[in-house]
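Report on the structure
Residue-level listing of the chains:
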Amino acid sequence: MAEASDIAVYQKLTEMADELDEIAVRGASLVGNAAVTTASRNLRGMATAVYRHIMADRDKLDS
């Protein structure tokens, strides 16, 4: 398997969270909607952590 860059990981996590948000809007049950919304929030949290890591690395390069 090919290595994925941090930016590719960030983009994929964000894409997956967007998909889950779309599913949540169409959710048939409150329980299913809550599960999908929670999963989306978790993915966005992971994406945010990766993004902050990317930006920290850029700050180090700029100084």
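In short, a report on the structure. What you see is a predicted model; the values in this text were computed from it and never measured. Numbers given to residues run from 1 along each chain, matching the order in which its sequence is written. Confidence filtering applies because this is a predicted model: local features only for residues at pLDDT of at least 70, side-chain atom pairs given and counted only at 80 or more, and all residues used for totals across whole chains, interfaces and linings. Calculated side-chain values reflect all of the structure's heavy atoms, with hydrogen atoms and water omitted.

Thoughts on the packing of aromatic side chains
In summary, the pairing rule links any two rings of Phe, Tyr or Trp, Trp by its six-membered ring, whose centres are within 6.5 Å, and it sorts them by plane angle into stacked for under 30 degrees, edge-to-face for over 60 and tilted for everything else. Under the criterion given, the structure shown has one aromatic pair. Each ring, one from tyrosine 10 and one from tyrosine 51, has its centre 5.5 Å from the other, and the planes form 40°; the classification is tilted. In this pair, tyrosine 10 is assigned in helix α1 (residues 6–26) and tyrosine 51 in helix α2 (residues 30–62), connecting sequence segments 41 residues apart. Burial classes follow relative accessibility: with a 1.4 Å probe on protein chains only, a residue under 20% of its type's maximum area counts as buried, one over 50% as exposed, and anything between as partly exposed. Since its relative accessible area comes to 39%, tyrosine 51 is described here as partly exposed. Per the convention used, a helix needs a DSSP run of H or I reaching at least four residues, while a strand needs a run of E reaching at least two, with both numbered from the N terminus.

Considering the pattern of salt bridges
The salt bridge criterion pairs a side-chain nitrogen of Lys or Arg with a carboxyl oxygen of Asp or Glu, the two atoms within 4 Å. By the definition in use, this model includes three salt bridges. Taking the shortest distance from any N to any O, the salt bridge between lysine 12 and glutamate 15 comes out at 3.2 Å. Taken as a pair, lysine 12 and glutamate 15 lie in helix α1 at a separation of three residues, close to a single helical turn. Of the residues examined, lysine 12 reaches a relative accessible area of 42% and is grouped as partly exposed. When its relative accessible area of 39% is taken as the criterion, glutamate 15 is described as partly exposed. Salt-bridge contacts for aspartate 18 lead to arginine 44; the nearest nitrogen and oxygen are separated by 2.6 Å. With aspartate 18 in helix α1 and arginine 44 in helix α2, the pair connects residues that are 26 residues apart, well separated along the chain. Its relative accessible area of 34% is what places aspartate 18 among the partly exposed residues.

Section: α2
Given a rise of 1.5 Å per residue, 33 residues ought to cover 48 Å, and the 47 Å separating the end C-alpha atoms of α2 matches this to within 8%. Of the residues making up α2, those classed as buried are Val36, Ser40, Leu43, Ala47, Val50 and Ile54. Looking at the buried positions of α2, the neighbouring elements they touch are α1. Each residue after the first adds 1.5 Å to the expected span of a helix. Contacts are residue-level and defined by heavy atoms, with any inter-residue pair within 4.5 Å sufficient.

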